[in-house]
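# Breakdown of the fold
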Amino acid sequence: MMQYLFLLILASLLGTVHEAAGGPGTEAIAPSHDRPVAAGVAPGGFVAAPFPTEAPPGPVVVDGLPAGSAPNANLVTYLDISPSVVDISGTESVNIWVQTDGTVTSAEVEHFNGSTYPLTDYGGGLFGTTLSHDLALYNYAHTSYPNVNRFGYINLYQGSTQVLHGWLSVGVEDRQIPSVSVSSVASDMQATPHLVNLVWSFSDPSQIDQQAVAKRFYQVYGDDYDFLNIISTPSYFGNRYHYEVRNAVSGIGLSIFDNSADFGSSGQLLGITRFPIPVFYFDGAERTMSHETAHQWLQNLSQVSELQGVTPHWPVSELARSVLGYSTPGGQGLSFPWDLTPQGNGDYVMHYNPLADQYFQAMDMYLMGLAEANEVGTYAVFTDQSQSLCNGCTLSGPTVNVDVQDVIAQYGTRSPAYPNAKTHFRLANIIVSQSFLSAREMRYYDYFARRGEATIPIQGNYPWAVATWERSTISMGLGTECGDDSASTATDLLFFSHHTTPSPPRVGQNFSLTASASNWSSNTAHHITFFTEIPKGLEFVSAELNGSSTACYGDELIVCVRDTMQGWESVTLEITMRAAQAGSFEHRVGVSSCNYDWFPSDNDSSTTIRVEANKVFLPLVTKP
Ligand SMILES: [Zn+2]
């Protein structure tokens, strides 16, 4: 077996980089590309996307109530933007409907173009208007937040008093979104490979009967999923949230219970995450997706006195440097993107670190069953939890220390414990709507669901596999093609390699690189997905999977999907890029499979691509 492994490595090193012709010679050696340094980032952590160097103006809500919509979010029964996804090169207009509780007297769109557009009062608390395609796509730039356009606010008034000021966003389909087929599953159900659309009768999306939705899902699909994500359109102004359906884990502050039968599952379903807003607030790759899923195990340690009685997020402490973040006194989750530097007198100074809240820390990982107790350090917790937080702020002591023994003393050791606890999780994504979504909307939400499987950072997001130190994976695939839980521990092994560039391309040239994954067993592996993000400074030209250009899609984020991989088979990804500017660029490829014996760090690979500047020929200057 080892000999075969060696041959695979050797074969993968023999690949070639194809350079296009042209370009004069060069002498310049590009300076090393600066990467942000992540203090205290989890092992295996890496950086692929540029980050803002400025601290955000205030804490970011992790669970995600849209800015400005609190505290009067309950005035709105639903906000319907239809279609919720438009074609970037299309002409369709967008209808905006807002159903209020009857106390709202007027409504308007405050558009980012500086104009306001009043909504017509249709009586009964219903307001509506239509915006042109151009207004909905106003100022859309793929680089700001890809495939989402925020074009303004919805303002609601009681008399002359503004009572709500919430975002208006529309999904944008461009060539980044893959073409997936939509199948009719039942008279009330259609599906793509990573999304079920269930037609449901409801007037208030916050009151959708989630048990009934789950039961309907299980009438058609197998009891193969650990988590259900329930998304709805129309949306309502509410936080994303997670709740446990079943818990069999001891030592994490939760009792042992099983309510899965109430949801139509026979003991497989662990929990449900509710996404009230589909566009922008549902993205499998985004931190909140990981945050909500982790609430299955975090944080219920109310008896650990060092934590100052704070749940379900961490108190203001070194623990809060995590995807889980910290809790306000009301329990709302806020991000904590700060390093804490001790001052020697018991005080700490906060320094903005945009990576600090992108990974789970070791205490999280222990409670999630993804780290051993002896990997958990000691964390300082501030006894004064009401201090103001900002970049450069000083947090005053005293602090108390908490470590894993404090948790074990109250609740016993986690059981099952890492590495025997479950590390691969299957999620099913169900979008509930009043009528069938369009094929465009299905493609769009399928894409955002699938992003959760990525094993490399994509577009500034650190998906589950990355945030969990490459110790855990999630699958978003539906049906039996991903196998059940027992299949996830099958002996399939994907050995992954990524070619380095033997000679640097020059600015303006096209070049290719290849990466390959091999199924190092006789078993069939399923649902193989390659992910790669094209670094800024390079431009995507084309990609092929085993010579087929149709297997890949994307623009900056390239995703290539192979449904099955036979035993002993290798699959090669070839990406052609154009060197747009000189410099050194880190290129990363990741591969995921739901039927995958997980070998940390074998699932992704990076290589540095050096692009050399063209020689500049100065014109000869002749003295007159
Ligand atoms: Zn939360």
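Whatever comes next refers back to the structure up there.
The structure presented is a predicted model; accordingly, all values stated were derived computationally and were not measured.

Before going further, it helps to examine the overall build of the chain. Across its full length, the chain holds 8 helices and 35 strands. Taken over 624 residues, the chain has a buried fraction of 57%. A total of about 24100 Å² of accessible surface is found on the chain, and carbon and sulfur atoms cover 51% of it.

What follows is about the state of the cysteines. Under the definition given, this model contains 2 disulfides. The residue that forms a disulfide with Cys 552 is Cys 560, at a sulfur-sulfur distance of 2.1 Å. Sign of the S-S torsion, about 110° for the bond between Cys 552 and Cys 560, identifies this disulfide as right-handed. Exposure remark for Cys 552: the relative accessible area of 12% places this residue in the buried category. The exposure class assigned to Cys 560 is buried, which follows from its relative accessible area of 0%. For the chain, the disulfide bridges join cysteines in the arrangement 1-2, 3-4, where the cysteines are counted in sequence order.

Attention shifts here to the packing of aromatic side chains. Describing an aromatic ring pair means giving the distance of the ring centres and the angle of the ring planes. Counted under the stated rule, the structure contains 23 aromatic pairs. Taking 5.1 Å as the distance between ring centres and 25° as the angle between the ring planes, the aromatic pair formed by Tyr 153 and Trp 167 counts as stacked. In this pair, Tyr 153 sits in strand E8 (residues 148-158) while Trp 167 sits in strand E9 (residues 161-173), placing the two residues 14 residues apart along the sequence. By relative accessible area, Trp 167 is classed as partly exposed at 21%. Each ring, one from Phe 217 and one from Tyr 225, has its centre 5.6 Å from the other, and the planes form 65°; the classification is edge-to-face.

If you roll a probe as big as a water molecule over the atoms, it shows you where there is empty space left. What the rule picks out here adds up to 2 cavities of 30 Å³ or more. Considering only enclosed or pocket space, the largest cavity measures out at about 200 Å³ in volume. What lines the largest cavity is a set of 17 residues, among which Leu 79, Ile 81, Ser 169, Ser 235 and Ile 277 lie closest to the centre. Mapped onto the lining of the largest cavity, the elements with two or more residues apiece are strand E1 (76-82) and E9. Within the lining of the largest cavity, the residues separate by chemical class into 12 nonpolar, 4 polar and 1 charged. Split by domain, the residues of the lining of the largest cavity number at least three in each of domain 2 (73-173) and domain 3 (183-297 + 422-473).

All right, on to the environment of Gln 581 then. Locating Gln 581 in the fold gives a position in the loop between strand E33 (570-579) and strand E34 (583-592). Separated by 30 residues in sequence, Gln 581 and Val 611 have C-alpha atoms that sit 6.9 Å apart. Aside from chain neighbours lying at most four places away, what touches Gln 581 is Val 507, Gly 537 and Val 611.

On to the sheet that holds strand E3 (residues 94-100), then. The antiparallel open sheet is built from 4 strands, whose spatial order is E1-E3-E7-E6. What marks the edges here is a single partner per strand, and that holds for E1 and strand E6 (120-121). Here E6 pairs with strand E7 (residues 126-131) via 2 bridges, running antiparallel. Within E7, the residue paired with Asp 121 across the bridge is Phe 127.

Quick look at the sheet that holds strand E21 (residues 348-352) now. With antiparallel pairing, 3 strands are arranged side by side in an open sheet as E20-E21-E23. Whereas interior strands pair on both sides, the edge strands pair on one side only; in this sheet they are strand E20 (338-342) and strand E23 (394-395). Of the strand pairs in this sheet, E20 and E21 are connected by 5 bridges, and their pairing is antiparallel. The residue of E21 that forms the bridge with Thr 341 is Val 349.

A few words on the nonpolar core. Membership of the largest hydrophobic core comes to 80 residues, with the highest contact counts inside it found for Trp 297, Leu 298, Trp 314, Phe 336, Phe 360, Met 363 and Leu 367. Membership of the second largest hydrophobic core comes to 28 residues, among which are Val 98, Tyr 140, Val 172 and Phe 237.

Here the focus is helix H3 (residues 210-220). When we look at burial in H3, the residues that qualify are Gln 210, Val 213, Ala 214, Arg 216, Phe 217 and Tyr 218. Taking the backbone nitrogen of Gln 211 as reference, a side-chain oxygen 3.1 Å away marks Asp 209 as the first, capping residue of H3.

Within a regular strand, the side chains alternate between the two sheet faces. Buried residues dominate E1, accounting for 5 of its 7 residues. One ladder, built from 6 bridges, connects E1 with E3; its direction is antiparallel. Bridge assignment links Val 76 to a residue of E3, and that residue is Thr 100.

Take the pairing of strand E25 (residues 424-433) next. Where burial is concerned, most of E25 is hidden: 10 out of the 10 residues are buried. Side chains of E25 alternate between two faces, with His 424, Arg 426, Ala 428, Ile 430 and Val 432 and Phe 425, Leu 427, Asn 429, Ile 431 and Ser 433 buried alike. By the bridge criterion, 7 bridges tie strand E13 (residues 227-233) to E25 in an arrangement that is parallel. Of the residues in E25, the one forming a bridge with Asn 229 is Asn 429.

The next thing to look at is the side chain of Arg 274. On the secondary structure map, Arg 274 appears in strand E17 (residues 271-275). Within polar-contact distance, the side chain of Arg 274 engages the side chain of Ser 232 at 3.1 Å. Setting aside residues no more than four positions away along its own chain, Arg 274 makes contact with Pro 205, Ile 208, Gln 210, Ile 230, Ile 231, Ser 232, Tyr 236, Arg 240 and Tyr 241.

It is worth spelling out unusual backbone geometry at this point. Across residues other than glycine, the phi torsion is negative in most instances, and most of the peptide bonds are trans. Cis geometry marks the peptide bond from Thr 233 to Pro 234, where omega comes out at 5°. Along the chain, Leu 298 connects to Gln 299 via a cis peptide bond; the corresponding omega equals -15°. At Phe 280, a position not held by glycine, the phi torsion is positive, near 75°.

Before going further, it helps to examine the environment of Pro 505. Summarising the element assignment, Pro 505 is placed in the loop between strand E27 (494-498) and strand E28 (510-519). Looking at Pro 505, the relative accessible area reads 0%, which means it is buried. Measuring from C-alpha to C-alpha, the distance between Pro 505 and Arg 610 comes to 7.1 Å, with 105 residues separating the pair along the chain.

Conventions and cut-offs
- Residues numbered from 1 in each chain as written.
- Predicted model: local features only at pLDDT ≥ 70, side-chain atom pairs only at ≥ 80, totals over all residues.
- Heavy atoms only, no water.
- Helix = DSSP H or I, 4+ residues; strand = E, 2+ residues; numbered from the N terminus.
- Buried < 20%, exposed > 50% of the residue type's maximum accessible area, 1.4 Å probe, protein only.
- Areas by Shrake-Rupley, 256 points an atom, 1.4 Å probe, with all protein chains shown as cover.
- Disulfide = S-S within 2.5 Å.
- Phe/Tyr/Trp six-rings, centres within 6.5 Å; stacked < 30°, edge-to-face > 60°.
- 1 Å grid on protein atoms, 1.4 Å probe; cavity = no way out; pocket = protein on both sides within 12 Å on 5 of 7 lines; lining within 4 Å.
- Points joined across faces, edges and corners; volume = space filled by probe spheres on them.
- Nonpolar A, V, L, I, M, F, W, Y, C, P; charged D, E, K, R; others polar.
- Domains from an automatic or database assignment.
- Contact = heavy atoms within 4.5 Å.
- Pairing = 2+ DSSP bridges.
- Core = buried A, V, L, I, M, F, W, Y, C linked by side-chain atoms within 4.5 Å.
- Polar contact = N/O pair within 3.5 Å; in protein donor to acceptor, adjacent residues only side chain to side chain.

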